[in-house]
Amino acid sequence: MTAWPYIHNKNVKTIVRSEGCYLYQDDGKRILDACGGAIVTNIGHGRREVADVVAKSTLNTGYVVPPWLTPERGALVERLRRDWLPDDMSHIHTTCGGSEGNEAAMKIAVQYHAAQGKLEKCKIVGRNVSYHGTTITTLAVGGHESRKTGLKHALQIHPCVEAPYLLRCEASDPTEYYVQQFINGVEKEDPATVAALIAEPITGASGGALIPPDGYWDQVSEYCKEHDILIISDEVMTGYGRTGTRFGYQHWDFTPDIIVGGKGLGGGYAPITAVCSKDRVAEKLASAGFDVMFHTFSAHPAACAAADKVLQILEEENLVAQVEPKGNILTTQLQGAFSNHPHVAEIRGKGLLQAIELVANRDTLEPYEPNERIGAKVANLALEKGVSFYPGGNGIVKDVLVIGPPFTINEDQISELVRGLSEAVDEVTLN
């Protein structure tokens, strides 16, 4: 291994600056960031006001051990509690990334039951189309097989239930089918042994903006409540306005017990994730004397300052409210480009988290062979045309291109995005 694995790869782009919705290479070429990097950038690139608070914090406090309070930490917690979280969710633990955040959430769920003497409730249920991180535990509970390469033999097996994927669902009532699949999976394990379900409310890159059918989350949450199974909502990708609501779960009538929100919290300006739990969960841990151990760089003051400023900008510029109408424009243009395309099976998503799925045959939904790497080829060609997309899929869902631009994108830039994607899809699949 080299010190930096891409350093000798001549095909890797070198980005020297970014501004608004664009990235700029060292040769001057401009790239429209149609995926926000990794569905991260929300307020746009190059915001000086964020850089200013990071610089001020760095000079003011530098590093302070996580359990101690700093002005930046206090301000972020206050803003999250006041403007973003449910009233009964005031306990916040921060990590640097989503992998750490999801692992912390799973630990909290197990501790919650242990605090009540229910040591048998220690299983975490995941879904077969999902992604929760790159640690050993988050890989094990996630449903992204290709990312387990060389590791699967060492991963602890977690119960896995079927995630909603309507393109391949032949049931007359998809909601009933997927809810029953979830219940069957939990019953097979015995609900008395299950601590939590971890799931993305809208599946991210592993499935390509998969939206569950109406009624799914309502019924799953009722079952979990009946059997004292916590719901961990992995909002690393869907949180902080990405789908048009503050968090993705808010498209349905339920509230999770733990929310893990990253990516958009720092907006790409700092590595930070917030793990937020209902008060009843945190209070059980406290009464039992259980700690939630911090990571060295958890709640780094400069990262907290950046996140607080990103949330302030989202609020003051009313950017979350702009996501749904801009998402509708994006959907309309994608449908215009691909609704009759012989190799585009579906256009899906909410707000500014959308995707198209590519197939060898639209009529039969026959997928491309994995070794053809069609999604990657489309993404690479689009990049050469000056637009960056996020290729996804997990083996069950194969070739998807995920779209997640900054919330500041305008209609002309949406047209530029769709035009670049359409040209790349046509050149790869029709030639």
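Look a little higher up for the structure.
Residues numbered from 1 in each chain as written. Predicted model: local features only at pLDDT ≥ 70, side-chain atom pairs only at ≥ 80, totals over all residues. Heavy atoms only, no water.

### Observations regarding the sheet that holds strand 15 (residues 399-403)
- The four strands are arranged 11-12-15-14 in an open sheet whose pairing can be described as antiparallel. Either end of the sheet is taken by a strand with one partner, and the two such strands are strand 11 (344-350) and strand 14 (390-392). Averaged over all adjacent pairs, the angle separating strand axes in this sheet is 25 degrees, with direction ignored.
- Of the strand pairs in this sheet, strand 11 and strand 12 (residues 353-358) are connected by six bridges, and their pairing is antiparallel. Within strand 12, the residue paired with Arg 348 across the bridge is Ala 355. (Pairing = 2+ DSSP bridges. Helix = DSSP H or I, 4+ residues; strand = E, 2+ residues; numbered from the N terminus. Axes fitted to C-alpha atoms, helices over the stretch in contact; angles between N-to-C directions.)

### Some words on the environment of His 295
- In this structure, His 295 sits in the loop between helix 8 (279-288) and helix 9 (301-316).
- Between the C-alpha atom of His 295 and that of Thr 94, which follows or precedes it by 201 residues, the distance is 8.7 Å.
- With residues up to four places along the chain from it excluded, the contact list for His 295 reads Pro 66, Thr 95 and Glu 100. (Contact = heavy atoms within 4.5 Å.)

### Some details on the layout of surface pockets
- Here the largest pocket defines a volume of roughly 710 Å³.
- Taken together, 27 residues line the largest pocket, and the ones lying closest to its centre are His 91, Ile 92, His 93, Thr 94 and Val 292.
- Mapped by element, the contributors of at least two residues to the lining of the largest pocket are helix 3 (71-84), strand 4 (91-95), strand 10 (273-277) and helix 8.
- Top element by residues in the lining of the largest pocket is helix 3. It accounts for six residues.
- Residues of the lining of the largest pocket, tallied by class, amount to 17 nonpolar, seven polar and three charged. (1 Å grid on protein atoms, 1.4 Å probe; cavity = no way out; pocket = protein on both sides within 12 Å on 5 of 7 lines; lining within 4 Å. Points joined across faces, edges and corners; volume = space filled by probe spheres on them. Nonpolar A, V, L, I, M, F, W, Y, C, P; charged D, E, K, R; others polar.)

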